[in-house]
Amino acid sequence: MSCCDNKPWSREEFEAKLRGMEKYYHIHHPMHTLMNEGKLNKAQLQGWVANRFYYQIMIPIKDANIMANCPDRKTRAIWVQRILDHDGHPDDPGGIEAWIQLGIAVGMTREEITSLKHVLPGVRFAVDAYVNFARRSEWHEAASSSLTELFAPKIHQQRLDNWPEMYPWVEQEGYIYFRKRLSEARRDVEHGLELTLDWYKTREQQERMLDILKFKLDVLWTMADAMYMAYVNDMPPYFNIEK
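Given the structure is predicted, the values throughout are model-derived calculations rather than measurements.

K.L.:
Describe in detail helix 3 (residues 42-69), supporting the description with residues and values.
P.N.:
End to end, helix 3 covers 41 Å across 28 residues, agreeing with the expected 40 Å (1.5 Å per residue, within 8%). Along helix 3, the sharpest kink reaches roughly 30°, centred on Met58 and followed within four residues by the proline Pro60. Counted residue by residue, helix 3 has 21 buried out of 28 residues, so it is predominantly covered. Two or three places before Ala43, at the start of helix 3, stands the capping residue Asn41, its side-chain oxygen 3.2 Å from that residue's backbone nitrogen.

Next comes the structure, spelled out in C-alpha cells:
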C-alpha cells in the first residue's frame, strides 16, 4: 500500500463514509420492507414489537456501561440524557414506556410485552452481544457504535407516514415513541458524530470505526433475520421438533 492509500480521510470524507453505511441499515431488510408496505399481519407486527422491546430495555444499560467507562465529565453530562430518554424521569415517562404503549396499541397487554416471553433467541443473542461490546470496549468506540442513529429518523418517519393508512387498527397512542425519537435521535447524532469525527484521526482508526458501525448494523440486521424466520417464514426456533 502506498503512503497515499493510507492517508486519513478528511473530516468531510470520513463523515460521508459513515453515512454511506446506510445501505446496510435494517430499513432495507425484507422484514422492514414488508412492514413499510403494509404487508405484515397483526401477529407478525406484534412479534416485531415484542422482540424489539428487548432492544429498547437494554439500550439504557448499554449507555450506562459507556458512561461507566468514560472518564470525561462533560461527555457523561451529555450522554446521561440518553438514559433518561429511555428510562424516563418526572417530566417524561420515557421511551421504554412509550414502547409498551406501542405494544398495547398493536393488541398486546402490558404484562405480555414486559414478560419477554416472545423474545427470540437470535434477538436476545444479538442485543446481548451489543451490550457486551459497549461494556468491554474503549468508551469512544462504544459510544460511536451508536451512530446507526444517523439513519433512524428516516425509518421512524416512514412509520408515522405509512402505518395509519396501512395498519388502521393500531391505536394512536402507539405512535408516541416514533415521534419522540425523531427529535431525540437527531440530537444524539449531533453529539455522537462530533465525538466520532474528533476521535478517529488516522486512516487505520477511521477504518476501524467503519468496522464498528458495521458490527452495530449487523446486530440490527440479525435481529430482523430472526424475526423474519419466525414470523414470515413461520419457522420459529425448534419448529421442526415434536413437542
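K.L.:
I'd like a rundown of the environment of Ala105, residues and numbers included.
P.N.:
Summarising the element assignment, Ala105 is placed in helix 5 (residues 95-105). For Ala105, the contacting residues outside a window of four places in its chain are Trp169, Val170, Glu171 and Gly174.

K.L.:
Give me the lowdown on the packing of helix 3 against helix 7 (residues 121-136), citing residues and values where you can.
P.N.:
In the contact formed by helix 3 and helix 7, the axes pass within 8 Å of each other and the chain directions differ by 10°. By the criterion of interaxial angle, the relationship of helix 3 to helix 7 is roughly parallel. Of the residues in helix 7, those in contact with Asn51, Tyr54, Tyr55, Met58, Ile59, Ile61, Lys62, Asn65, Ile66 and Asn69 of helix 3 are Val123, Arg124, Val127, Asp128, Tyr130, Val131, Ala134 and Arg135. Taken together, the residues of the contact of helix 3 with helix 7 break down into 11 nonpolar, 3 polar and 4 charged.

K.L.:
Tell me what's going on with empty space enclosed by the protein, and back it up with residues and numbers.
P.N.:
Considering all chains together, one arrives at 2 cavities of 30 Å³ or more under this definition. Together, 23 residues line the largest cavity, and Arg52, Tyr55, Glu149, Arg181 and Lys216 are the ones closest to its centre. With 5 residues, the single largest contributor to the lining of the largest cavity is helix 3. Partitioned by chemical class, the residues of the lining of the largest cavity number 9 nonpolar, 5 polar and 9 charged. Taken as a whole, the second largest cavity holds about 70 Å³ of empty space. Contributing to the lining of the second largest cavity are Ile27, His32, Met35, Asn36, Ile155, Gln158, Arg159 and Trp163. Of all elements in the fold, only helix 2 (30-36) and helix 9 (152-166) reach the threshold of two or more residues within the lining of the second largest cavity. Tallying contributions element by element places helix 9 first for the lining of the second largest cavity, with 4 residues. In terms of residue class, the lining of the second largest cavity is built from 4 nonpolar, 3 polar and 1 charged.

Rules behind the numbers
One numbering rule holds for all chains: residues counted from 1, following each sequence as written. Only residues with pLDDT of at least 70 get local features here, since the model is predicted, and only at 80 or more are side-chain atom pairs given and counted; chain-wide, interface and lining totals rely on the full set of residues. Side-chain measures here rest on the full set of heavy atoms in the structure, leaving out hydrogens and waters. Helix and strand definitions here come from DSSP, where helices need a minimum of 4 consecutive H or I residues and strands a minimum of 2 consecutive E residues; each element is numbered from the N-terminal end. Helix span is expected to be 1.5 Å times the residue number reduced by one. Bend, in this description, refers to the angle at a residue between axes fitted to the seven residues ending there and the seven starting there. Using a 1.4 Å probe on the protein chains alone, a residue whose accessible area is under 20% of its type maximum counts as buried, one over 50% counts as exposed, and one in between counts as partly exposed. Within 3.5 Å is the distance limit for a polar contact, defined as a pair of N or O atoms, with the added protein rule that one can donate a hydrogen and the other accept it, and that residues adjacent in sequence qualify only through two side-chain atoms. In what follows, a contact means two residues having at least one pair of non-hydrogen atoms within 4.5 Å. In this analysis, axes come from line fits to C-alpha atoms, helices being fitted only over the stretch in contact, and the angle between any two N-to-C directions falls in the range 0 to 180 degrees. Roughly parallel means an angle under 35 degrees; roughly antiparallel, over 145; roughly perpendicular, 65 to 115; everything else is oblique. Gly falls in the polar group here, along with every residue not listed as nonpolar (Ala, Val, Leu, Ile, Met, Phe, Trp, Tyr, Cys, Pro) or charged (Asp, Glu, Lys, Arg). With a 1 Å grid laid over protein atoms only, a set of points is called a cavity when a 1.4 Å probe fits there but cannot get out and a pocket when it is open yet has protein on both sides within 12 Å along at least five of seven lines; lining residues have an atom within 4 Å of a point. Grid points are joined across faces, edges and corners, and a volume is the space filled by probe spheres set on the points.

Structural measurements only, silent on function.
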